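Topology and contacts: notes
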Amino acid sequence: MFGLIDGTIQSVRKIASRLRPEVLDQLGLTAAIGWHAGDFRKRTGIRCKLSLPSDTLILDHERSTAAFRIFQELLTNVARHANATRIDVAMRVDSGALVLTVEDNGRGIAESEIEDSKSLGLLGMRERVLPFGGAIEIAGARDKGTKVRVCIPFGLK
Amino acid sequence: MRILIADDHAVVRRGLKEILASEHDMDVVGEAKNGDEALELVRKLDWDVAVLDFSMPGRSGVELIKEIKRRHPGRPVLVLSMLPEEAHAAQVFKAGGSGYINKESAGEELTAAIRKVANGGKYVSASFAEKLATDLAPDAEKPLHESLSDREYRVMWLLASGKQINHIAAELFLSPSTISTYRARILKKLKLTDNAALVRYAVKQQLI
């Protein structure tokens, strides 16, 4: 009996520690983004409005991981630096590429901060999409907010 | 009824078999410990209902359900999962699955669910049915906090997290009196009287 309980506890632990990537691997990118946004709202009190595709997006492991990690990083930046009360997230497929936009209503990133990209992990994000020939565009308007557009083409392997 | 089970944890497979053993008309004819094994058994064995774990090594989840349904469109697939069903029950049904059970309630619901799907029905747990009904409800039944503005929502969240007015003012670059005004407006909109009630509301609505 104790052996059985120990086994169960170990299984649960293993599952719990794997939960993060598991959400991504098993549920796909769309559900993982929805889940993370819900978690973010609970942790920060910043509302997230989501506009996600209703169909399951079939995306390879590398691209989903890149998109999800960038999304996590973007939300972390909003929580840390933006002083925003709301985020609008949109994900869609547009001319052979996954396009993810994250827009907040905070103070707006300054031009100098975009150029000093290492401070906000922007460099790291750009490096993540480089292998796919992707790009990240960032635009800030003072006291209006920041908009980030991440584009990951499907074509290149 | 010939049942196929697939789960990567031996202890779960054992539990499932134990539950099914008490049903005289249900036989476990095969057990798989990952998605690829499950597909092989699906092909080799004669079975009536497949009971799958949603998350297994190798092929699993939506992909596995779709593959099984492609080969045997007429046979029901029931999905078990550790994750709460809000997370992906909809995906399971979209992929062609006939039912979804959270592992937590599998003990009570498994045999009923198998019978339901074996007869061509869909199995939806009471809690997921409630969520579906809530999603369909008209706007009038939206929770009160939906009527808060974005900034009111954030102030509400900070208050519910136990932050003092002065602290919130500093964090949002506003004056303490503005925050007090926000607080009064939030309490009115949520039909609450004090911060304790606010905390209780936030916890109940899972806002914090």
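Another aspect to go through is the overall build of chain A. Counting secondary structure elements, chain A contains 4 helices and 5 strands. Listing the helices and strands of chain A from first to last along the sequence gives α-β-α-β-β-α-α-β-β. Taking the contacts inside chain A whose residues are at least 6 apart along the sequence as the reference set, 62% of them involve residues at least 24 apart. Accessible surface, chain A: about 8200 Å² in total, of which carbon and sulfur atoms supply 54%.

Here we come to the overall build of chain B. Counting secondary structure elements, chain B contains 10 helices and 5 strands. By sequence separation, contacts in chain B at least 24 residues apart represent 57% of the contacts at least 6 residues apart. A total of about 10500 Å² of accessible surface is found on chain B, and carbon and sulfur atoms cover 51% of it.

The next thing to look at is the sheet that holds strand β5 (residues 145-153) of chain A. Residue and element names in this part refer to chain A. Read from one edge of the open sheet, 5 strands run β1-β2-β3-β5-β4, paired in mixed fashion. A strand with exactly one partner marks an edge of an open sheet, and here the two such strands are β1 (47-51) and β4 (135-141). The sheet shows a mean angle of 10° between the axes of neighbouring strands, taken without regard to direction. Lying on the sheet, helix α4 (residues 122-129) is in contact with β4 and β5; it crosses β4 at an angle near 145°.

Facing 30 residues of chain B, the contacting portion of chain A comprises 25 residues. Carbon and sulfur atoms make up 52% of the area that chain B and chain A hide from each other, which totals about 2400 Å². Counting every contact that joins chain B to chain A gives 2 salt bridges. For A:R86, the salt bridge is made with B:D150, and the minimal N-O distance between the two is 3.1 Å. At the boundary of chain B with chain A, the tally comes to 7 residue pairs in polar contact (both at pLDDT 80 or more). Where the side of chain B that touches chain A is concerned, the elements lending two or more residues are α1 (10-21), α4 (89-94), α7 (150-160) and α8 (165-172) of chain B.

Pairing geometry for β4(A) and β5(A), over 7 bridges, is antiparallel. By the bridge assignment, A:A141 is partnered in β5(A) with A:G145.

Basis of the calculations
Residues numbered from 1 in each chain as written. Chains lettered and ligands numbered in written order. Predicted model: local features only at pLDDT ≥ 70, side-chain atom pairs only at ≥ 80, totals over all residues. Heavy atoms only, no water. Helix = DSSP H or I, 4+ residues; strand = E, 2+ residues; numbered from the N terminus. Contact = heavy atoms within 4.5 Å. Areas by Shrake-Rupley, 256 points an atom, 1.4 Å probe, with all protein chains shown as cover. Pairing = 2+ DSSP bridges. Axes fitted to C-alpha atoms, helices over the stretch in contact; angles between N-to-C directions. Buried area = accessible area lost by both parts, 1.4 Å probe. Salt bridge = Lys/Arg side-chain N within 4 Å of Asp/Glu carboxyl O. Polar contact = N/O pair within 3.5 Å; in protein donor to acceptor, adjacent residues only side chain to side chain.

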